[in-house]
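As a plain string of letters, each chain reads:
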Amino acid sequence: MKRYYITTPIYYVNSVPHIGTALTTIVADACARFQKRRGRRVYFLTGTDENAPKVHRVAGERGIPTQQFVDEMAAEFERTWQALHIEYDVFIRTTEDRHKRVVTEVFRRLVRQGDIYKGSYQGWYCVSCETFFASSKVGESRTCPDCGKPLEWRDEPCYYFRLSAYELRLKAHLAANPRFIEPEVRRNETLGFIAEGLQDIAVTRTGTDWGVPVPDDPASGVVYVWFDALLNYLTATGWLERDDYTDTWPPDLQLMGKDILPRFHATIWPAMLMALDLPLPERLYGHGWWIVNKQKMSKSLGNVYAPLEVVQSLAAASGCETPYAVDAFRYYMLREMPTDSDAEFSLEGLETRYNGDLANDLGNMLHRTLSMMHRYFGGRVPDGARVDAGLADLFAQQAARVTEAYEAVDFPRGLREAWQIISAVNRYYDEQAPWTLMKQGDTARAGQVLYAGLIAARLLCALVEPAMPQVAREIARQLGIGEPPAWSDATAMDALPAGHTLQEPTPIFPRLQAKAEPKQPPTPTPQPEPPQQGATTMQDAITIDDFKRLQIRIATVTAAEPVPKSTKLLKLTLDVGGETRTIVAGIAEDYTPDQLVGKQIPVLVNLQPALIRGIVSEGMMLAADVDGRAVLLHPDREVPSGSTVR
Ligand code: MSP
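Values in this document were obtained by computation on a predicted structure and should not be read as measured data.

Caption draft 1: Layout of the sheet that holds strand E13 (residues 290-292). Spatially, 3 strands are ordered E14-E13-E15 in an open sheet, and the strand pairing comes out mixed. Only two strands of the sheet have a single neighbouring strand rather than two, namely strand E14 (295-296) and strand E15 (343-344). Sheet analysis places E13 next to E14, joined by 2 bridges and oriented antiparallel. Pairing of Val 292 across the sheet is with Gln 295, part of E14.

This is the structure in structure tokens:
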């Protein structure tokens, strides 16, 4: 069976890893782990791009021989990725001989078949982007159209790759394969880029000997770093070395930031493969960028975060063990991942997710379930416990949604869907009150209720593993199951047999103390005790953090219909900013369906889904209550669907 081949870009070694390069790598790792959990053989490639002129330049500035410099920097990347639990199969370096052999061979082949030809280059070059620009694309300022830095003039003999010859085939490929480039916004950017027309590109550079020498013509300098770098994906499969490289080739998923998708990965790269007569990658995915305080990260602004420093500060502030702090960082990267647009990275955001999603939700649900199992059942699964059918359906449905979202590289959505399971269990506990059942002597029912919590924890153990592998291991240990379950088996509702022994609960995510409070030694999470009989969990006042947990968005009603056999209910289809949701609302006595279509209404979107008359309702609309009648609320003017209410 072919391996599922997944790649990250190879990173320039002129600077150390940061939260931008960490993002792509963590997303790729989560995709790789997800595929592995689903039983696929995976081949996950990352590495470093070392032949770039800017790398050579920085080594020179530091007075270090370039080879020594790239060795040290590549080691730094490997060390960082390993510390972030990145489970790559190969770490490729473009200074390796096997890679240089591939570049040389490809260059020779394309010269032989006329796809590379000799000419001369007069134009501009951006060393920072390692990109050539024709004079027509450069304004008076002579700065890079992409990054704004000053351009360098080049007037040199050079070889060209006949990119223009592939324009029509590229267009046809894009048209025939709508999933070739994701998400949609990147596909459109690429279509726009190609529509401007493709010109042949310079693929050699003179004036340096750092790089792969131009084959059979060393006086022409070295091969252009992007032509060289893109081929790493081929080198890593053993192309030229083994006939069975097709057990890996072509890539199933190539991940990168939006900056290097349209021009390089979606145009030059497939054209090179077409010239080589090799199958193209299945899917290219380009994520957005992290921005910090609404600005691009840059050394001069001093807003570049190093991933391991962020992890260390989280561990120190919370008392969380380092492997779990690493996973918390990974969780944040994936939960807030910029998909279509850019997203803000902030330490406050990380801390809010840590306290809210990890300490309060996931950690607390596991702890409270295991604590009650120990208190009431001696830490053993009681006889005859089964998960209620409604809840079992909800677990299966949420697992399917997580699967679909992970497959689409939409980790924010996937994790949101996974967290609905936690809300469902917490609600179920509140409704069923196992502590009261125990007091009333209904041990069997209490066991049944807690068993649902255990099954949910086991399911979550599998669902969070791609994001938080060490946390998943720890959940598995506490559940007494050794390893996180395989994906296909994660929704088994009878997976924990009667008599199965659970371990003592240990808090994984100690709560972060508020910043203003004096620093205290880290304490274990104060996990709320289950309320005692008669006690109520309601508080009069809530904190702003409590409020922030409500995700209220403006939705546009795209369809509305009565729910059969109900006089009160309407089924509404909503556009919540590119996402479609269904909700069931009790407003049929106040509004007719056609009064609703096209209207914008506020909706609580992170409410646990509920099964109402056989329809899964995925949220709740907010309305004024006037003597028991619903009166709709609308924004003051039309706003984009999905706008946040705060
Ligand atoms: N060496 C080339 C890639 C060659 S692949 C054949 C390169 N390297 S890079 O070091 O500049 O890394 C680029 C990648 O880092 C981007 O595609 C993106 O994946 C990631 N990011 C760099 N800064 C980023 C942000 N601020 N935010 C998110 N990701 C960004 O380009």
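On we go from here.
Caption draft 2: The arrangement of the site of the ligand in detail. The full set close to the ligand counts 25 residues, and Ile 10, Thr 24, Asp 49, Gly 257 and Trp 290 are the nearest of them. Contacts to the ligand include Asp 259, whose side-chain N or O atom sits 3.3 Å from an oxygen atom. When the ligand is considered free in solution it has 660 Å² of accessible area, and contact with the protein chains removes 93% of it. Looking at the shell around the ligand, the elements that each hand over two or more residues are strand E1 (4-12), helix H1 (19-37), helix H7 (225-230), helix H8 (232-235) and strand E11 (253-257). Considered class by class, the residues forming the shell around the ligand number 14 nonpolar, 9 polar and 2 charged.

Caption draft 3: Representation of the confidence of the model for the protein in the model. Across the protein, the average pLDDT comes to 92, with 95% of residues at or above 70. Under a pLDDT of 50 for its full length, residues 516-539 has, in the predicted model, 30 contacts with residues more than four places off or in other chains.

Caption draft 4: Seen up close, the pattern of salt bridges. Scanning all chains against the criterion turns up 44 salt bridges. The salt bridge partner of Arg 179 is Glu 182, with a shortest N-O separation of 3.1 Å. Look at Arg 179 and you get partly exposed, because its relative accessible area is 47%. For Glu 182, a relative accessible area of 15% gives the class buried. Each of Asp 29, Arg 33, Lys 36, Arg 37, Glu 87, Arg 330 and Glu 465 takes part in a single network of salt bridges with overlapping partners.

Parameters and conventions
Residues numbered from 1 in each chain as written. Predicted model: local features only at pLDDT ≥ 70, side-chain atom pairs only at ≥ 80, totals over all residues. Heavy atoms only, no water. Pairing = 2+ DSSP bridges. Helix = DSSP H or I, 4+ residues; strand = E, 2+ residues; numbered from the N terminus. Near = heavy atom within 4 Å. Polar contact = N/O pair within 3.5 Å; in protein donor to acceptor, adjacent residues only side chain to side chain. Areas by Shrake-Rupley, 256 points an atom, 1.4 Å probe, with all protein chains shown as cover. Nonpolar A, V, L, I, M, F, W, Y, C, P; charged D, E, K, R; others polar. pLDDT = per-residue confidence, 0-100. Contact = heavy atoms within 4.5 Å. Salt bridge = Lys/Arg side-chain N within 4 Å of Asp/Glu carboxyl O. Buried < 20%, exposed > 50% of the residue type's maximum accessible area, 1.4 Å probe, protein only.

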